[in-house]
Amino acid sequence: MRIAILGSGFIARFYATSLHAQRRKDYILTVYSRDIENAKRFADDYQLAHFTNDIDEAINHPDVDVVLISLPNDLHEMAVAKCADAKKHVLCTKPLGRTAAEAKRMLDMVEKAGIFGGYLEDLCYTPKFLKSVSAIQQGSIGRILWTKSREAHPGPHSDWFWNKDKSGGGAIIDLGCHCIEIGRNFIGKQVKPIEVMCWADTQVHPIEAEDHAIGLVKYANGAMSQFEVSWTFRGGMDLRDEVMGTEGSIWLNNFLRTGFEIFSTGKGDNYVAEKAEISKGWLFPVGDEAHELGYPNMFTDMFTAIEEGRDALETFYDGYVVNAIIDAAYLSAKTKKWEPVILEDWRGEEIVDKKQELVSFDENYFLIKEELMPNEDLKRILKHKATGEVIQKIFKIEQFK
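Residues numbered from 1 in each chain as written. Predicted model: local features only at pLDDT ≥ 70, side-chain atom pairs only at ≥ 80, totals over all residues. Heavy atoms only, no water.

Asker: Help me out: how do you make sense of the overall build of the chain in this one?
Answerer: Counting its regular elements, the chain contains eleven helices and 18 strands. The C-alpha atoms of the chain give a radius of gyration of 24 Å, which matches the 21 Å a tight globule of 401 residues would have. By principal-axis analysis of the C-alpha atoms, the chain measures approximately 80 × 55 × 45 Å. A burial count over the chain gives 51% of its 401 residues as buried. (Helix = DSSP H or I, 4+ residues; strand = E, 2+ residues; numbered from the N terminus. Rg over C-alpha atoms; globule rule 2.2 N^0.38 Å. Buried < 20%, exposed > 50% of the residue type's maximum accessible area, 1.4 Å probe, protein only.)

This is how it looks when you write it as structure tokens:
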């Protein structure tokens, strides 16, 4: 795939590094930036054939197969519209829109134009995440009851993030989009999100948007997904996920504590990791940052999907659903109530069986819990099927030897 990348900032450089770091057939042909000097510097750094400050020139370049949008949030819709007009496949960074309405317009554009719309949710492509989803789909931890995803750091890199009108919000729109889609994948994207309860506040920074928030998303099958997001966390970037099922659990630490530690007196001036605040003392770098954040797997899926004529794992429709959940979160933060997720276009399951799975111990009792005690007694908590009486029975380990 020959790519036109729109934008030359932080995320564009992550994308370019991922695409050009390995020997692969997909490469960036041209870069667009509103600042021609930034475009030239980007082209020089990545040895691109073309650069421009004319967005139409970049999108309509005759050799371009796909357009990669890495622009501020308020420019996504404009860029997608131009890609749709040019009939060019488009990949868009997260969040897809500032609101669900904006995201839905972009979804409609790509579907009407008959082009590919890929949603670049990189954290749903990390090696640990993909392995976790595979384990869940194979039934390794049973039915999913609860998930938690946390992303916290000292705040974003560019000025537009801090402008509520341009970004669409604060930490929720910036980081919550990651956490919400992670939870959807763990629970099952076919399961409908029903309502959201959210707390949000501006605790540290002199901005109009929230810099800290916690939310709960309730799903139709009874599962609950929790997100924690913050621009007030000090000490680097904290990316953690948890999943609890009826038969097991998963715990992921994706970035801040990964088993790689360096101590430095501060000599030298080396980059440590994204959002790292210091370069001396005990440091926690990441071996291959782009890979650990999912970028290579993400682009491989996107370009392969285009070639095979299928959907990617993350699509514009997913971006739309995430924006709808975020809309409900913002409303809940204002009303202090559970607020419904408004989805005018729902493509998953309408009704999911919420029936509790009861484990039968024998013809008379359900098994509530079984535990081996310190004295090697095997204790079983049982509930009578007819009367509801709860009892416990003690078994000696010798009985089973």
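After presenting the structure, the write-up continues.
Asker: How do you make sense of helix 11 (residues 316-335) when you look at a structure like this?
Answerer: Given a rise of 1.5 Å per residue, 20 residues ought to cover 28 Å, and the 29 Å separating the end C-alpha atoms of helix 11 matches this to within 8%. When you tally the buried positions in helix 11, you get 16 out of 20 residues, the bulk of the element. Taking the backbone nitrogen of tyrosine 317 as reference, a side-chain oxygen 3.2 Å away marks threonine 315 as the first, capping residue of helix 11. Of the residues flanking the end of helix 11, it is lysine 336, one or two places downstream, whose phi is positive at about 65 degrees. (Expected span 1.5 Å × (residues − 1). Polar contact = N/O pair within 3.5 Å; in protein donor to acceptor, adjacent residues only side chain to side chain.)

Asker: Got a minute to help me understand unusual backbone geometry in this structure?
Answerer: A cis amide bond links lysine 94 with the next residue in sequence, proline 95, at an omega value of -20 degrees. Residue placement: proline 95 occurs in the loop between strand 5 (89-93) and helix 5 (100-113). One non-glycine residue, glutamine 47, lies in positive phi territory at about 55 degrees. Residue placement: glutamine 47 occurs in the loop between helix 2 (36-46) and strand 3 (50-52). Overall, the relative accessible area of 74% leaves glutamine 47 in the exposed class. Here the phi dihedral of lysine 87 falls at roughly 60 degrees; this positive angle occurs in a residue that is not glycine.

Asker: How should the sheet that holds strand 16 (residues 365-372) be read in this particular structure?
Answerer: Each strand in a sheet pairs with its neighbour through backbone hydrogen bonds, running either in the same direction (parallel) or in the opposite one (antiparallel). Read across the open sheet, the three strands follow the order 16-17-18; overall the sheet is antiparallel. Of all strands in the sheet, those bounded by a partner on one side alone are strand 16 and strand 18 (390-396). For this sheet the average axis-to-axis angle between neighbouring strands, irrespective of direction, equals 25 degrees. Relative to strand 17 (residues 377-384), strand 16 runs antiparallel, the two sharing seven bridges. What sits directly across from leucine 372, in strand 17, is leucine 378. (Pairing = 2+ DSSP bridges. Axes fitted to C-alpha atoms, helices over the stretch in contact; angles between N-to-C directions.)

Asker: It is not clear to me how the UniProt feature "domain: Gfo/Idh/MocA-like oxidoreductase N-terminal" (unreviewed entry) in the chain should be interpreted in this structure. Could you clarify?
Answerer: UniProt marks residues 1-114 with the feature "domain: Gfo/Idh/MocA-like oxidoreductase N-terminal" (unreviewed entry), using the numbering shown here. Here residues 1-114 runs as 46% helix and 20% strand, with 18 Å between its end C-alpha atoms. (UniProt positions renumbered as here; feature names shortened; annotations may be inferred.)

Asker: Would you take a moment to explain the pattern of salt bridges for this structure?
Answerer: Here the idea is simple: oppositely charged side chains can pair when their charged atoms come close. Enumeration according to the criterion identifies 28 salt bridges in this entry. Among the salt bridges present, the one from arginine 184 reaches glutamate 181, with a minimum N-O distance of 2.8 Å. Of the two residues, arginine 184 and glutamate 181 are both situated in helix 8 (residues 171-187); the distance of three residues between them amounts to about one turn of the helix. Taking the relative accessible area as the measure of exposure, arginine 184 reaches 1% and is therefore buried. For glutamate 181, a relative accessible area of 0% gives the class buried. For glutamate 308, the salt bridge is made with arginine 310, and the minimal N-O distance between the two is 2.9 Å. Exposure remark for glutamate 308: the relative accessible area of 55% places this residue in the exposed category. Given a relative accessible area of 32%, arginine 310 falls into the partly exposed group. (Salt bridge = Lys/Arg side-chain N within 4 Å of Asp/Glu carboxyl O.)

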